[in-house]
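# Structural overview
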Amino acid sequence: MSEKSEQQRLSVFKTYKLYVGGKFPRSESGRVYEVTDSKGKWLANAPQSSRKDARDAVVAARKAFGGWAGATAYNRGQVLYRVAEMLEGRRAQFVHEVADAEGLSKSRAAEQVEATIDRWVWYAGWTDKIAQVVGGGNPVAGPYFNLSSPEPTGVVAVLAPQESSFLGLVSVLAPVIATGNTAIVIASERSPLPALSLGEVLATSDVPGGVVNVLSGRTAEIAPPLASHQDVNAIDLAGADEVLAKELEIAAADNLKRVLRPQPVDDWAATPGTDRLTAFLETKTVWHPTGSLGASGSSY
């Protein structure tokens, strides 16, 4: 191809789509909104999700829950590590998108992306260890085994942080699915592109369709129907402001959802601990008689 024809080549603009049930639908509403960088330069049109899109995402998440929760913790860890491998392979793309989204230099954006990949690996390693930390045998006054073990809560709606478009997103999403829950993520309203691209990574990894569903659009429009939805078991309000968080918490009380209120985070790159892993776990306690052996009354 000659230099002249290269100069005449038209750019191929990317069409970003939602990620729901392992597929890439456009918004049911047909709406889009402009996404700009920190200087107001147009980057892309992102789909503006509707209430119907939110309901579709809940259906997909519920359908995927049984298989994902029923998988072995070790298998979930392998699947999540595969996602990290895919993220590493698309590192340059995410550096570009994070730099544009957050107004960072390329070197600073690269640090954010590397921290994000490391964070994903960190949570992948916890899948088969968290039960050892929060579960165990309980001493009881009687001839019984008394064992407590963690189980996933169910379908979790996640409002991604507004400012940290990729590292913050993964920091709130990865622990939800690492513990066997399925998720509906509302991407950062101002900077949704890294989240929508993450959907492409998930689709080409081993994560079953519906385990993660990514919506973009107006947080204040999409979040209320998720907070009041009777088939959503929990909600993380990380990306909500104080007014919206209060509204959503009231709506979530209707079916006794678990609610994780917004917590101030000074540095998303800091080691997160296990709080978000345990936030959406239920504890199941099982009692079983030990039985007795012979007249001596000894038990096993």
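Here, the structure is the one placed above.
What this report covers is the structure whose coordinates are included nearby.

Analysis parameters
Residues numbered from 1 in each chain as written. Predicted model: local features only at pLDDT ≥ 70, side-chain atom pairs only at ≥ 80, totals over all residues. Heavy atoms only, no water. Helix = DSSP H or I, 4+ residues; strand = E, 2+ residues; numbered from the N terminus. Buried < 20%, exposed > 50% of the residue type's maximum accessible area, 1.4 Å probe, protein only. Contact = heavy atoms within 4.5 Å. Areas by Shrake-Rupley, 256 points an atom, 1.4 Å probe, with all protein chains shown as cover. Lys, Arg positive; Asp, Glu negative; His and termini not counted. Charge placed at Lys NZ, Arg CZ, Asp CG, Glu CD. Pairing = 2+ DSSP bridges. Right-handed = clockwise from strand over helix to strand, strands pointing away.

### Things to note about the overall build of the protein
- A tally of regular secondary structure across the protein gives 11 helices and 12 strands.
- Burial status across the protein gives 46% buried among its 300 residues.
- Excluding contacts between residues fewer than 6 apart, the proportion of contacts in the protein whose partners are at least 24 apart in sequence is 75%.
- On the protein, roughly 14600 Å² of surface is accessible, and the fraction owed to carbon and sulfur atoms is 52%.
- Each charge class in the protein was averaged separately, 30 positive and 33 negative side chains, and the resulting centres sit 5 Å apart.

### Points about the sheet that holds strand 10 (residues 281–289)
- Pairing is antiparallel across the open sheet formed by three strands, whose spatial order is 3-4-10. The open sheet has two edge strands, strand 3 (136–137) and strand 10, and neither has a second partner.
- Pairing of strand 3 with strand 4 (residues 144–152) involves two bridges; the strand directions are antiparallel. Bridge assignment links Gly137 to a residue of strand 4, and that residue is Leu147.

### Observations concerning the pairing of strand 7 (residues 212–215)
- Here strand 7 shows two buried faces, one formed by Val212 and Val214 and the other by Asn213 and Leu215.
- With four bridges joining them, strand 6 (residues 182–186) and strand 7 adopt parallel strand pairing. When the bridges of strand 7 are listed, Ala183 appears paired with Val212.
- Crossover strand 6 to strand 7 through helix 8 (residues 193–203) is right-handed.

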